[in-house]
Amino acid sequence: MCEITLCLYEPQIVKKYQTTISDEIEEKIISMYGLGMSYRDISSHIEDIYQVSILIATISAVTDKIINTVKEWQSRPLKSIYPFTLFGLMLYTIKVKDGGKYVSKAVYTIFGIRVDDKKEVLGLYLLEAEGANFWLSILTDLQSKRVEDIASVDGLKGFF
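Summarised in this report is the structure supplied together with it. (Residues numbered from 1 in each chain as written. Predicted model: local features only at pLDDT ≥ 70, side-chain atom pairs only at ≥ 80, totals over all residues. Heavy atoms only, no water.)

In this structure, Arg76 sits in the loop between helix 4 (67-75) and strand 1 (81-82). Its relative accessible area of 16% is what places Arg76 among the buried residues. A distance of 2.4 Å separates a polar atom in the side chain of Arg76 from the backbone oxygen of Val121. (Helix = DSSP H or I, 4+ residues; strand = E, 2+ residues; numbered from the N terminus. Buried < 20%, exposed > 50% of the residue type's maximum accessible area, 1.4 Å probe, protein only. Polar contact = N/O pair within 3.5 Å; in protein donor to acceptor, adjacent residues only side chain to side chain.)

The following block contains the structure:
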C-alpha cells in the first residue's frame with residue numbers, strides 16, 4: 001500500500017500523453033453510430049459513461065474510418081444462385097439528414113439462402129418510396145453483383 005503523498009492518479013480510459021482515443025471508445029462510437037444515434041447523442045453518451053468530452057468532429061473522424069469497409073461490403077460479388085430470397089424485411093429506421101433536417105427512413109434487408117443452406121445478407125437498402133421502381137433498383141443492384149437466379153421470393157406481388 002502506498003502513502004497518499006506518493007500515489008499518482010493514473011487515468012485508465014485516456015492514458016497520460018495519449019493523443020488519440022482508445023480502440024474501446026472507437027468501437028463504442030461505431031456501434032452507437034450503427035444503431036442510428038446522432039453524433040451529438042454519441043458525444044453526450046460517451047461523456048456520461050466515461051466522463052470524457054469528445055468533439056463531434058472526432059466522432060465524425062472515427063465513423064469515417066469505416067467508410068471504405070462499408071463500400072467494399074456493398075460492392076462485393078455475391079453467389080450466382082440463391083434458392084430462396086427474403087425481400088422487404090425491415091431492419092430498423094435510421095435518421096438521415098435530408099434537406100437540412102433529420103428525418104427517419106426505413107432500411108430494408110434482403111436475405112438470400114445459399115445452395116449450402118447458409119443465410120447471407122445480400123444488401124441493405126434505404127427506402128425512398130416503396131413501389132416498382134424501388135424493387136427494380138434492388139434487383140438491378142443484385143444483378144450487378146453477379147446474382148443470376150433467384151429461385152423463390154417471399155410472396156411479393158410482381159416478381160413472377
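Our next topic: the layout of surface pockets. Taken as a whole, the largest pocket encloses approximately 1100 Å³ of empty space. Within the residue set of the lining of the largest pocket, elements represented by two or more residues are helix 1 (23-34), helix 2 (39-50), helix 3 (56-64), helix 4, strand 2 (84-98), strand 3 (101-113) and strand 4 (119-126). Class assignment for the residues of the lining of the largest pocket results in 17 nonpolar, 6 polar and 6 charged. (1 Å grid on protein atoms, 1.4 Å probe; cavity = no way out; pocket = protein on both sides within 12 Å on 5 of 7 lines; lining within 4 Å. Points joined across faces, edges and corners; volume = space filled by probe spheres on them. Nonpolar A, V, L, I, M, F, W, Y, C, P; charged D, E, K, R; others polar.)

Bringing the pairing of strand 4 into the picture now. Of the strand pairs in this sheet, strand 3 and strand 4 are connected by 7 bridges, and their pairing is antiparallel. If you follow Phe111 over to strand 4, its bridge partner there is Val121. Between strand 3 and strand 4, which pair antiparallel and follow one another directly, the connecting turn spans 5 residues, one of which, Asp117, has a positive phi of 70°. (Pairing = 2+ DSSP bridges.)

As a further point, take the packing of helix 1 against helix 3. In contact at an axis separation of 9 Å, helix 1 and helix 3 are set at 85° when each is read in the N-to-C sense. As judged from the angle between their axes, helix 1 and helix 3 are roughly perpendicular. Touching Glu26, Ile29, Ile30 and Tyr33 of helix 1 are Ile59, Val62 and Thr63, all from helix 3. For the contact of helix 1 with helix 3, a count of residues per class yields 5 nonpolar, 1 polar and 1 charged. (Axes fitted to C-alpha atoms, helices over the stretch in contact; angles between N-to-C directions. Parallel < 35°, antiparallel > 145°, perpendicular 65-115°, else oblique. Contact = heavy atoms within 4.5 Å.)

Once that is clear, we can look at the packing of helix 1 against helix 2. The interhelical angle for the contact between helix 1 and helix 2, taken along N-to-C directions, is 140°, at an axis separation of 10 Å. If you check the angle between helix 1 and helix 2, you find them oblique. Two packed elements cross with a definite hand, and for helix 1 against helix 2 that hand is right-handed. The residues of helix 2 that touch helix 1, namely those facing Glu24, Ile25, Lys28, Ile29, Met32 and Tyr33, are Tyr39, Ile42, His45, Ile46 and Tyr50. When grouped by side-chain class, the residues that make up the contact of helix 1 with helix 2 number 8 nonpolar, 1 polar and 2 charged. (Left-handed = near helix turned anticlockwise from the far one by under 90°.)

What the rule picks out here adds up to 5 aromatic pairs. When the centroid spacing of 6.2 Å and the interplanar angle of 75° are considered together, the rings of Phe87 and Trp135 count as edge-to-face. Of this pair, Phe87 sits in strand 2 while Trp135 sits in helix 5 (residues 132-144), and the two are 48 residues apart along the sequence. Across this residue pair, the class does not change: Phe87 and Trp135 are buried. Centre to centre, the rings of Phe134 and Trp135 are 4.9 Å apart; their planes meet at 70°, and the pair counts as edge-to-face. Site record: aromatic cluster; members linked through ring pairs are Phe87, Tyr108, Phe134 and Trp135. Lying over the aromatic face of Phe111, Lys119 brings its terminal NZ or CZ to 5.2 Å of the ring centre. (Phe/Tyr/Trp six-rings, centres within 6.5 Å; stacked < 30°, edge-to-face > 60°. Lys NZ or Arg CZ within 6 Å of the ring centre and 35° of its normal.)

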